[in-house]
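Chain by chain, the residues:
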Amino acid sequence: MSTTAEAATAAPGFAAQPFLVRRAAVLGAGTMGSRIAAHLANAGIPTFLLDLVPEGESAERRNRLATAALDALLKAKPAAFYEPALTALITPGNFEDDLPKLASCDWVIEAVAENLEIKRALLDRVVPHLAPHAVLTTNTSGLPVGAIAAGLGARRDRFFGTHFFNPPRYMRLLELIPTAESDPGIISAFASFADRILGKQVVFARDTPNFIANRIGVAVMFTAATLMLEQGLTIEEVDALTGPAIGWPRSGTFRLADMVGIDILAHVAANFPQGVSGGGFSGILAEIVRRGWLGDKAGQGFYKKSRGADGKDQRLVLDLSTFEYRPAAKPALPALEMARNAATVQERLRLLLANDPAKDKAARFLWSFLASLWNFAADRIGEAAGDAASIDMAMRAGFNWELGPFEMWDAAGVDATVGRMKALSIAPSSRVESLLAAGHAAWYADSACFQPQTGRMEKTATVPGHARVASVRRARGVVRGNAGASLVDLGDGIACIELHSLKSAIGGDVVALASSVLHPDSTAVRDFAGFVITGDRDNFSVGANLLQLLLVAQEGEWEEVDAAIRGFQQMTAAIKFCPRPVVVAPFGMTFGGGAEICLHAARRQPHAETYIGLVEAGVGLIPGGGGTKEMLLRAVDAAAALAPPDPRDPPSRFAQSAELATALKRTLETLAMAKVSSSAAEARSLGLLSPADRITLNRERLLLDARAQAAVLAGTGYAAPQPRMQVPAPGTAALAMLETGINLMGEAGFASEHDQKVARWAAYVLCGGRVTPGTPVSEQYLLDLEREAFLSLCGERKTQERIAFTLKAGKPLRN
């Protein structure tokens, strides 16, 4: 392994041309292997999924293990596939009958049990069947890749490690682990494939035990547990201290262990060179594994769900001193409550570490914990990873940390924390001592990162095609902006309207900026060839600002509500009819008003993990910013595509056609049930995205993909659509049909009285009101109906109660 670690000080780069994968095979249909196969299917890659033939199995059931894995994938939570139909891309098979099929594969990935001899034995059988150009990789969470490759002979140059994180669809990190004999050109081409096609955050790791993310992540979990025992803290307190307070997921330490599997945690820990320094916790962990309390998959681990005497679910937590479960308690940590008000994780870290460790138990834990993390991470530079930036990227993408360890260190202040560590008798790593000795105050400065091996700041490697709005804003500045949105020049004649309001809600500031920027007579329309609407937050938009709406509705300021709806409708109209193409690049939660923004764009360039829906019915409203109108237009166009109306026929014939009736039913269901897609791919089936909308799998590529789409539209003679004036209204016949369905849902107990009222208003707008079928209506007429319905529902007590409840819950509205 030392040879591999010394093979190159610089990690391979990303090739301009990605490795071509037309067909792949996954060997091993366990949890990890099957989910890797599912994600390859998500990327559109036909894949063989092979496993053992169960002993004594009949001829027709020789693929039973792989077939059962495929069935389990369809039931997996969270969903493994972007949409269920993608299962058709996976062909189940077995190791006895189907190894010759590997000759048709460009990439074969071994993902069997974490056992060196099992992996070697299978690969010996696989190699003779591989095509000369094929790449062979092993998915391992920590076994030495060089040792796995030992028997591959001439294939070693096309072999390396690919460490996916579970579940592969959602976890962004892919660690690539070359051996000393891996071809750098192949590694670079494969890295580009994983980046562009699979949507992975690729990090190059050295062939050391557990690589980067698991090496650090598991080590700090053991550190947290050891400190808990030493300082007399509870499991709940440690989870609170190692969660959002420091920019880590809510799962903290012990909840994460339950999710991952406590046996998996113990297995990874066993791969450490000298084991993990866990003190008394190592024995506790062994006892928990012995008892079979392996976490979520066993129904109990550090936590356990139970039904109380009152019949309600309650969460229990393991008391490590008695090995008995007790009711979980909310941690009493005043320092965390104070830090919660900080706007950023950087501010929270500084606040928490400013307290006296002798008087505050949160500070006492965090100083020992973070000092251990920082030292351990620094000592991995040059051993597990080539530089600090790779470690930070691995921890952000693999463990969903908001900041990597070195970014956290910079936020806390390197010089000050090192001084404090020494005062607390914690010896700093020699790596950070060399940073300070070289006259630097932070690990990062001006797109460079300190490299202990050279003693200098070295330019941080960038991946072509990756960008966030923040990096462009820093380089180019802001053209104009306000508290909710900014106009940023992306280059190549394209500008970005960046959404950055608090909690990604759309308020008056966003409406004002977007409306003025996209107005046909604006300076921006004259200066730029196209626009992108997107942002850098966790979610594109959770919808309109409900608090503003609730306050004015409760005061009965209906003119103000009407003006707000008109303003929103004018903004979405500005998006749709802008003389320049507008491409919206949504991601994450894209609810309500955020979805309406998308519906009006010339094109959408969504991230694969876009959860989009017109969810207004959840608070007793209908989409009022043009969303209901746009859904009607899509229903009309879909019906017309299936059965083109004859120009000689009266408009009433098409308005009463079976095709339009079917499309209207589906649309009303989407609106009334506040349906939200589980992916961008599924959003197409809901009518929220079109077949022409291209999907980006890598979140880091979304901005520039959208810019490229806007540039293509602008460069090919884009002409804005004109407002439609002759939309054939479905009218009274369709409205009667939809209302009958609503009544039946109510009678069956599937819809409350208020839900039925909301659905009737949605049906009213979708049908163009109570007009004769086929009556030609304009888009503005439909917008007026939307506004009428929205205002009426705003005045309902039930609607205001639902809005208030949603705000109090503090969670985005969704189905």
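Structural data are supplied above this passage.
In what follows, the accompanying structure is described. None of these values were measured; they are calculated from a predicted model. (Residues numbered from 1 in each chain as written. Predicted model: local features only at pLDDT ≥ 70, side-chain atom pairs only at ≥ 80, totals over all residues. Heavy atoms only, no water.)

Once that is clear, we can look at the overall build of the protein. In terms of helices and strands, the protein carries 33 helices and 26 strands. Its C-alpha atoms give the protein a radius of gyration of 29 Å, near enough to 28 Å, the size a compact globule of 815 residues would have. Along the first, second and third principal axes, the C-alpha set of the protein runs to 80 × 70 × 65 Å. In the protein, which comprises 815 residues, the proportion classed as buried is 54%. (Helix = DSSP H or I, 4+ residues; strand = E, 2+ residues; numbered from the N terminus. Rg over C-alpha atoms; globule rule 2.2 N^0.38 Å. Buried < 20%, exposed > 50% of the residue type's maximum accessible area, 1.4 Å probe, protein only.)

Turning our eyes to something else, we now look at unusual backbone geometry. The peptide bond linking K77 to P78 adopts the cis configuration, its omega dihedral lying at -5°. Inspection of the secondary structure puts P78 in the loop between α3 (64–75) and β3 (90–94). The omega torsion of the bond from N166 to P167 falls at 0°, within 30 degrees of zero and hence cis. Relative to the helices and strands, P167 resides in the loop between β6 (159–164) and β7 (173–178). Its identity is not glycine, yet N210 carries a phi of approximately 70°, on the positive side. Mapped onto the elements, N210 comes out in the loop between β8 (201–204) and α7 (213–231).

Now for the packing of helix α13 (residues 345–353) against helix α14 (residues 361–379). For the pair α13 and α14, the least separation of the axes is 9 Å and the interaxial angle reads 120°. On the basis of their axis angle, the class for α13 and α14 is oblique. Two secondary-structure elements touch here, α13 through L349, L352 and L353 and α14 through A363, L366, W367, L370 and W374. A class-by-class count of the residues in the contact of α13 with α14 yields 8 nonpolar, no polar and no charged. (Axes fitted to C-alpha atoms, helices over the stretch in contact; angles between N-to-C directions. Parallel < 35°, antiparallel > 145°, perpendicular 65-115°, else oblique. Contact = heavy atoms within 4.5 Å. Nonpolar A, V, L, I, M, F, W, Y, C, P; charged D, E, K, R; others polar.)

This brings us to the nonpolar core. Core analysis: the biggest nonpolar cluster contains 113 residues, and L102, F302, W409 and W443 have the highest contact counts within it. Looking at this core element by element, the count peaks at 12 residues for α14. Among all residues touching W409, those that are not within four sequence positions of it are W374, N375, A378, V414, T417, V418, M421, V432 and W443. Membership of the second largest hydrophobic core comes to 105 residues, among which are F568, V584, L664 and A759. (Core = buried A, V, L, I, M, F, W, Y, C linked by side-chain atoms within 4.5 Å.)

In the structure shown here, the tally under the stated rule is 47 salt bridges. For R456, the salt bridge goes to E458, with nearest N and O atoms at 3.2 Å. Judged by relative accessible area, which is 27%, E458 ranks as partly exposed. With a shortest N-O distance of 3.3 Å, R653 and D649 are connected by a salt bridge. Given the relative accessible area of 54%, R653 is considered exposed. (Salt bridge = Lys/Arg side-chain N within 4 Å of Asp/Glu carboxyl O.)

With antiparallel pairing, the 3 strands of this open sheet are ordered in space as β9-β10-β11. The outermost strands of the open sheet, each flanked by one partner alone, are β9 (303–307) and β11 (324–327). Strand-to-strand, the axes of this sheet are offset by a mean angle of 40°, without reference to chain direction. In the sheet, strand β10 (residues 313–319) pairs with β11 via 4 bridges, with the strands oriented antiparallel. Within β11, the residue paired with L316 across the bridge is P327. (Pairing = 2+ DSSP bridges.)

Moving on: a negative patch on the surface. A cluster of acidic residues, E555, E557, E559 and E560, forms a negative patch on the protein surface. With respect to the helices and strands, E557 occurs in the loop between α22 (546–554) and α23 (558–577). Under the relative-accessibility criterion, E557 is labelled partly exposed at 40%. (Patch = residues over 30% accessible without salt bridge, like charges linked within 9 Å, V, L, I, M, F, W, Y side chains within 5 Å. Areas by Shrake-Rupley, 256 points an atom, 1.4 Å probe, with all protein chains shown as cover. Lys, Arg positive; Asp, Glu negative; His and termini not counted. Charge placed at Lys NZ, Arg CZ, Asp CG, Glu CD.)

One pass over the full model with this rule turns up 24 aromatic pairs. Ring geometry for F406 against W443: centres 4.7 Å apart, planes inclined by 65°, an arrangement best described as edge-to-face. Placement of F406 in helix α16 (residues 405–412) and of W443 in the loop between α18 (430–437) and β12 (444–445) is noted, with a sequence separation of 37 residues between them. The exposure class of W443 is buried, given its relative accessible area of 0%. With a centroid separation of 6.0 Å and an interplanar angle of 85°, the aromatic rings of F540 and F587 are classed as edge-to-face. With F540 in the loop between β19 (530–534) and β20 (543–544) and F587 in the loop between β21 (582–584) and β22 (588–591), the pair connects residues that are 47 residues apart, well separated along the chain. Residue class for F587 comes out buried when judged on its relative accessible area of 2%. Here a set of aromatic residues connected by ring pairs shows up, and it is made of F19, W107, F160, F164, F190 and F193. Geometry around F376 places R380 over its ring, the cationic atom sitting 4.3 Å from the centre. (Phe/Tyr/Trp six-rings, centres within 6.5 Å; stacked < 30°, edge-to-face > 60°. Lys NZ or Arg CZ within 6 Å of the ring centre and 35° of its normal.)

This next bit is on the environment of Q453. Tracing the sequence through the fold places Q453 in the loop between β13 (448–451) and β14 (456–459). Through-space distance from the C-alpha of Q453 to that of K422 is 23 Å; in sequence the pair is 31 residues apart. Every residue in contact with Q453, bar those within four places of it in the chain, is listed here: I381, G382 and G386.

Take α16 next. In terms of burial, α16 is largely enclosed, as 6 of its 8 residues are buried. For α16, the set of buried residues is P405, F406, M408, W409, A411 and A412. Residues of α16 that are buried in the fold lie against α13, α14, α15 (388–399), α17 (414–423), α18 and β12.

The grouping of M259, V260 and I264 at the surface amounts to a nonpolar patch, some 260 Å² of accessible area in total. Taking the relative accessible area as the measure of exposure, I264 reaches 39% and is therefore partly exposed.

It is worth stressing that arrangement in space is one thing and function is another; only the former is reported here.
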